[in-house]
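# Fold and contact review
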Amino acid sequence: MSDFYAQVVTIFLGFFAIMNPIANTAVFAALRGESNKAERSRIAVKSLLITFCVIAAFALLGKSIFHLFGITLPALRITGGVLVFLVGYHMLNGSGSHLHSGGRDESSDVAVSPLAVPILAGPGTIATAMNFSATGGLTGISTTIAVFAVLC
């Protein structure tokens, strides 16, 4: 049973490191800091629900997507590692994203984009979900989804 707990902690910490919810609160505050408390809560809940649905879909369909495109799990791990390296490198250089600029119109829904996708459910989070769920069968899929739900 200790292997199960180790897997749960590994999945949680993997998602926590990739999704980085603490740093993303600053992005959320910058995008919707001027809104009232009820509006901020609505946006936060909506973006987390969309994020959970996207990650759950990729966790469920991960193996099917692998087989459809002929992707192996080691290839995904290498690509995911390169992706995480590039994201970290750009963060160290301080280069900003064009999505965070003030040029957004007020009618756009920031709960969907950029908050849910690509900030919370970005390529790194999707690759992490597919990696964790592809290795463990039905137990791995359900554990991955449950741990991500707790993180959300």
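Here, every reference points to the structure presented above.
Okay, so let's go over this structure. Source: prediction; values computed, not measured.

### With respect to unusual backbone geometry
- The omega torsion of the bond from Ser113 to Pro114 falls at 15°, within 30 degrees of zero and hence cis.
- Of note, Pro114 is situated in helix α5 (residues 111-120).
- Of note, the amide linkage connecting Val117 to Pro118 takes the cis form, showing an omega dihedral of 20°.
- With respect to the secondary-structure elements, Pro118 resides in helix α5.
- In this model, Asn20 sits at a positive phi of 50°, which is unusual for a non-glycine residue.
- Within the secondary structure, Asn20 sits in the loop between α1 (2-19) and α2 (21-32).
- A relative accessible area of 25% places Asn20 in the partly exposed class.

### Quick word on the packing of α2 against α5
- Contact geometry for α2 and α5: axes closest at 11 Å, N-to-C directions at 160°. As the angle between them shows, α2 and α5 are arranged roughly antiparallel. The handedness of the crossing between α2 and α5 comes out as right-handed. Residues Asn24, Val27, Phe28 and Leu31 of α2 form the contact with α5, whose participating residues are Pro114, Leu115, Ile119 and Leu120.
- Residue classes in the contact of α2 with α5 are distributed as seven nonpolar, one polar and no charged.

### Here's the deal with the packing of α1 against helix α6 (residues 123-134)
- Relative orientation of the contacting elements α1 and α6 amounts to 165°, with a least axis distance of 9 Å. One element, α1, and the other, α6, form an angle in the roughly antiparallel class. Between α1 and α6 lies a crossing whose hand is right-handed. Along the contact surface, α1 presents Thr10, Ile11, Gly14, Phe15, Ile18 and Met19, while α6 presents Gly124, Thr125, Thr128, Ala129 and Phe132.
- Grouping the amino acids of the contact of α1 with α6 by side-chain chemistry returns six nonpolar, five polar and no charged.

### Let's talk about a nonpolar patch on the surface
- Side chains of Ile78, Val82, Phe85, Leu86 and Tyr89 sit close together on the surface and give an oily, nonpolar patch of about 520 Å² of accessible area.
- Topologically, Val82 is positioned in helix α4 (residues 73-93).
- Here Val82 falls in the partly exposed class, since its relative accessible area comes to 46%.

### With respect to the side chain of Asn131
- Counting through the fold element by element, Asn131 comes out in helix α6.
- Here Asn131 is in contact with Leu73, Leu76 and Arg77, once residues within four sequence places are set aside.

Cut-offs and rules
- Along each chain, the written sequence defines residue order, and numbers are assigned to residues from 1.
- Note on the predicted model: pLDDT of at least 70 is required for a residue's local features to be given, and 80 or more for side-chain atom pairs to be given and counted; whole-chain, interface and lining totals, by contrast, use all residues.
- Excluded from the side-chain calculations are hydrogens and water; all other atoms, namely the structure's heavy atoms, are used.
- Comment: elements are numbered from the N terminus, with helices defined as DSSP H or I runs of at least four residues and strands as E runs of at least two.
- Only protein chains enter the accessibility calculation, which uses a 1.4 Å probe. A residue is then buried if its area is under 20% of the maximum for its type, exposed if over 50%, and partly exposed in between.
- Every angle, taken between N-to-C directions, lies between 0 and 180 degrees, and every axis is a line fitted to C-alpha atoms, over only the stretch in contact when it is a helix.
- Every angle not falling under 35 degrees, over 145, or within 65 to 115 is termed oblique; those three ranges are roughly parallel, roughly antiparallel and roughly perpendicular.
- With the far helix as reference, a near helix turned anticlockwise by less than a right angle produces a left-handed crossing, and one turned clockwise produces a right-handed crossing.
- Residue contacts are counted whenever heavy atoms from the two residues lie within 4.5 Å of one another.
- Residues are grouped as follows: Ala, Val, Leu, Ile, Met, Phe, Trp, Tyr, Cys and Pro are nonpolar; Asp, Glu, Lys and Arg are charged; every other residue, Gly included, is polar.
- Any residue with relative accessible area above 30% and no salt bridge may belong to a patch, with like charges joined within 9 Å and the nonpolar Val, Leu, Ile, Met, Phe, Trp and Tyr side chains within 5 Å.
- Only the protein chains shown count as cover for residues, and all accessible areas are computed by the Shrake-Rupley method using a 1.4 Å probe.
- When a carboxyl oxygen of Asp or Glu is within 4 Å of a side-chain nitrogen of Lys or Arg, the pair counts as a salt bridge.

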